[in-house]
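# Architecture and fold: a report
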Amino acid sequence: MTEEQKQQLLKSQQGELNALLIYQRLAKITKHPKAKEVFSEIAADEGKHAATLKSYTNIVLKPKAGKAILVGFLYKLLGHNFVIGLLDKGEMKSIESYRPLKDDFPKIQQIMDDELKHAEMARSLLT
Ligand SMILES: [Fe+2]
Ligand SMILES: [Fe+2]
């Protein structure tokens, strides 16, 4: 892999770890039972994505809590539907970030399929 690809994979790996914390945090604070279930399910997927990327980078990264704290704050301040909108956009943006990598790293196609599913799962939670 090129140095640029390695940097992109590491950035994505960090993003997946951070997303894991974001969804775990949302699962913890939401008052909607269905959302609790869906956020937990997505969190588990993000953990798998981080593991897939680690299989390419061979570097162990640690999740960073900053975004999860911010999103949790926004959830309380601006509400459920506002944050669902952010999650939808974030998932769609991550699909675009994976697109240049998918031909050289075949396991990324599954991640992209999952991110699309996550965006749809998030939208299904709009109230
Ligand atoms: Fe992911
Ligand atoms: Fe996702």
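Scroll up to find the structure this text is about.
Not measured: the values here are computed from a predicted model. (Residues numbered from 1 in each chain as written. Chains lettered and ligands numbered in written order. Predicted model: local features only at pLDDT ≥ 70, side-chain atom pairs only at ≥ 80, totals over all residues.)

Moving on, we come to the nonpolar core. Ranked by size, the top nonpolar core spans 26 residues in total, and within it Leu-20, Ile-22, Tyr-23, Val-38, Phe-39 and Ala-122 carry the most contacts. The element best represented in this core is helix H1 (residues 3–29), accounting for 8 residues. If near-sequence neighbours (up to four positions away) are discounted, Tyr-23 is found in contact with Phe-39, Ile-42, Ala-43 and Glu-46. (Core = buried A, V, L, I, M, F, W, Y, C linked by C-beta atoms within 7 Å. Buried ≥ 20, exposed ≤ 12 C-beta atoms within 10 Å, placed from the backbone. Helix = DSSP H or I, 4+ residues; strand = E, 2+ residues; numbered from the N terminus. Contact = placed C-beta atoms within 7 Å.)

This part takes up the environment of Ala-65. Turning to its location among the elements, Ala-65 is positioned in the loop between helix H2 (33–57) and helix H3 (66–78). In sequence terms Ala-65 and Glu-41 are 24 residues apart; their C-alpha atoms lie 19 Å from each other.

A word on unusual backbone geometry. Of note, the phi angle at Asn-58 is positive, near 55°, even though the residue is not glycine. By the element assignment, Asn-58 lies in the loop between H2 and H3.

Time to look at H3. Taking 1.5 Å per residue, 13 residues should reach 18 Å; H3 reaches 18 Å between its end C-alpha atoms and fits that length. Considered for burial, the residues of H3 that qualify are Ala-68, Val-71 and Gly-72. All buried residues of H3 project into a common sector of 100° when viewed along the axis, lining one side. Residues of H3 that are exposed and point over 90 degrees away from its buried face: Gly-66, Leu-70, Leu-77 and Leu-78. Each element contacted by the buried residues of H3 is listed here: H1 and helix H4 (80–98). The positive-phi residue at the C-terminal boundary of H3 is Gly-79, with phi of around 100°. (Expected span 1.5 Å × (residues − 1). Arc of directions from axis to C-beta.)

Below, the discussion takes up the environment of Val-60. Turning to its location among the elements, Val-60 is positioned in the loop between H2 and H3. Residue classification places Val-60 among the exposed positions, given that 7 C-beta atoms sit within 10 Å. Sequence separation between Val-60 and Gln-13 is 47 residues; the distance between their C-alpha atoms is 9.2 Å.

Here H1 crosses H3 at 35°, and the two axes come no closer than 8 Å. Once H1 is placed against H3, the crossing between them reads as right-handed. Every residue of H3 that contacts H1 at Asn-18, Leu-21, Ile-22, Arg-25, Leu-26 and Ile-29 is listed here: Lys-67, Ala-68, Val-71, Gly-72 and Tyr-75. (Axes fitted to C-alpha atoms, helices over the stretch in contact; angles between N-to-C directions. Left-handed = near helix turned anticlockwise from the far one by under 90°.)

Next up on the list: H4. Between its terminal C-alpha atoms H4 stretches 27 Å, which fits the 27 Å expected from 19 residues at 1.5 Å a residue. Every buried residue belonging to H4 is among Val-83, Ile-84, Leu-87, Glu-91 and Ser-94, and all of these are buried. Considered in projection along H4, the buried side chains sweep an arc of 105° and stay on one side of the axis. Of the exposed residues in H4, those oriented more than 90 degrees away from the buried face are Asn-81, Phe-82, Lys-89, Lys-93 and Glu-96.

Everything listed here is a matter of geometry and, on its own, says nothing about what the molecule does.
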